[in-house]
Amino acid sequence: RRISPAEAGLDAVEERSIAARDGTAILTWWGEAAPGQPTVLYFHGNAGSFANRAERIRKYMARGYGVVMMTYRGYGGSSGRPSEKANVEDAKTVYEALRASGIPADEIVLYGESLGSGVAVQVATEKAVAGIILDAPYTSIADLANLHYPHLPARWLMTDRYETLSYAPRVTVPVLIVHGEADSLIPVEMGRKVGAALKGPVKVATFPLAGHSDHYLHGSYDVIFEWLTALANEIPRRRAG
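In this text, all values refer to a predicted model and were calculated from it rather than measured experimentally. Positions within a chain are numbered from 1, following the residues in the order the chain's sequence is written. Only residues with pLDDT of 70 or above have their local features reported here, since the model is predicted, and side-chain atom pairs are shown and tallied only from 80 upward, although totals for entire chains, interfaces and linings are computed over all residues. The side-chain figures draw on all heavy atoms in the structure; neither hydrogens nor water molecules are used.

## Some words on the sheet that holds strand E7 (residues 175-180)
Across a sheet, paired strands are connected by hydrogen bonds in the backbone, their directions being either parallel or antiparallel. Two strands are counted as paired when DSSP detects at least two bridges linking them. Here a helix means four or more residues in a row that DSSP labels H or I, a strand means two or more in a row labelled E, and each is numbered from the N terminus. Pairing is mixed across the open sheet formed by eight strands, whose spatial order is E1-E2-E4-E3-E5-E6-E7-E8. Of all the strands in the sheet, the pair left with one neighbour each is strand E1 (13-19) and strand E8 (202-207). The sheet shows a mean angle of 20 degrees between the axes of neighbouring strands, direction not considered. Sheet topology note: the strand E2 (residues 25-31)/strand E4 (residues 66-70) ladder contains four bridges and is antiparallel. When the sheet's bridge partners are listed, Gly31 is paired in E4 with Val67. Contacts between residues were defined by any pair of non-hydrogen atoms, one from each residue, lying within 4.5 Å. For helices, the fitted line uses only the C-alpha atoms of the stretch in contact; every axis is such a line through C-alpha atoms, and the angle between N-to-C directions lies from 0 to 180 degrees. Helix-sheet contacts for helix H1 (residues 50-62) involve E1, E2, strand E3 (39-43), E4, strand E5 (108-113) and strand E6 (131-135), and the interaxial angle to E4 is about 165 degrees.

## Quick word on the side chain of His215
Relative to the helices and strands, His215 resides in the loop between E8 and helix H8 (220-240). Residue His215 is classed as buried on the basis of its relative accessible area of 2%. Beyond its immediate chain neighbours, meaning those up to four positions away, His215 contacts Tyr111, Asp135, Val178, Phe207, Ala210 and Ser220. Accessibility here uses a 1.4 Å probe with only protein chains present; expressed as a share of the type maximum, an area under 20% marks a residue as buried, one over 50% as exposed, and anything in between as partly exposed.

## A closer look at the packing of helix H2 (residues 84-100) against helix H3 (residues 115-124)
A packed helix pair is summarised by two numbers, namely the angle formed by the two axes and the spacing between the axes. Relative to each other, H2 and H3 sit at 55 degrees, their axes nearing to 9 Å. Relative to H3, H2 is oriented oblique. Seen along the crossing, H2 lies across H3 with a hand that is right-handed. Contact residues: H2 offers Glu84, Asn87, Val88, Ala91 and Lys92, while H3 offers Val119, Gln122 and Val123. Residues are sorted three ways: Asp, Glu, Lys and Arg are charged, Ala, Val, Leu, Ile, Met, Phe, Trp, Tyr, Cys and Pro are nonpolar, and all the rest, Gly among them, are polar. The residue inventory of the contact of H2 with H3, partitioned by class, reads four nonpolar, two polar and two charged. Note on angle classes: values under 35 degrees are labelled roughly parallel, values over 145 roughly antiparallel, values of 65 to 115 roughly perpendicular, and the remainder oblique. Left-handed is the label given to a crossing in which the near helix is rotated counterclockwise from the far helix by less than a right angle, and right-handed is the label when the rotation is clockwise.

## Examining the environment of Leu228
Note that Leu228 resides in helix H8. A sequence separation of 97 residues divides Leu228 from Gly131, and the C-alpha atoms of the two residues are 8.9 Å apart.

## Points about the pairing of E4
In terms of burial, E4 is largely enclosed, as five of its five residues are buried. Covered by surrounding structure in E4 are Gly66, Val68 and Met70 together with Val67 and Met69, the residues of both alternating faces. Viewed along the sheet, the connection from E3 through H1 into E4 turns out right-handed. By the criterion used throughout, a crossover qualifies as right-handed when its path from the first strand across the helix to the second strand runs clockwise, the strands pointing away from the viewer.

Listed below in C-alpha cells is the structure:
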C-alpha cells in the first residue's frame, strides 16, 4: 500500500513521482544529504517497501547521508507491472533524475538489497557512481530458482533472470557486500561468488548468525557506515587527482 514519508515518521523526506520513459509513474522518496556526504540510491528487495524500509532511511539520514529510494512498478504507489527490464530502466531513470537535481556522480552510492542487488549491478555497468553496497546478492535468479525448485525446469522457463554474475566483471568501482551466513534464501556462497567476479576493490562482510534480512541486528550498520565514511573521505582526493 502507498504511505507518505510523514506517515512513516520521515518529515525530512519528500515523495516524488518520476515519469519513466514509457510514461509509467515511478514513486520515490528523497532525503537530502548533509554537505560533503554521499547520497545512497536504494533499490529494495522483492518483499521490500517504503513502509518497512523507513527505519533504514532514518538511520542513514541521521548520519548525514542522503537517501533516494525508488519502489518498483506495482509496489506501494508506482503504477504498471514489474519486470527485470522495467526495474533496471526505471532505476537508470531515477539515477538521471538524481544527477539532474545537482548531485555529482562521485557522491552517489548504489545500494541493492536482495532482488535490488541485481538491479544495482546492472545500473553500475552503465552509470558512473562512487561505489555500491550489495546486500545479500545472488549470482542469478535462475540459479536461485534451480536451488529452491530443483525438480522443476525453472531455469528454462524464467524470463526475468537477473544474471548478476555475468554483469559483475564490468563493475570496477569499490563494492561492499554484506551477507548473513545463515541466509536460507540467498546462500552466502552466492554473495562470495559475486564478490570474486567484481573487478574493483571489494570488501565482503558476513555475519554468522544473520539470516536473509536481519544482519542489521548483528552489526552490519557499523560496517556499512565505516565503509561509507572511508568512501566519502576519498572524494576530495579523487577530484584533486
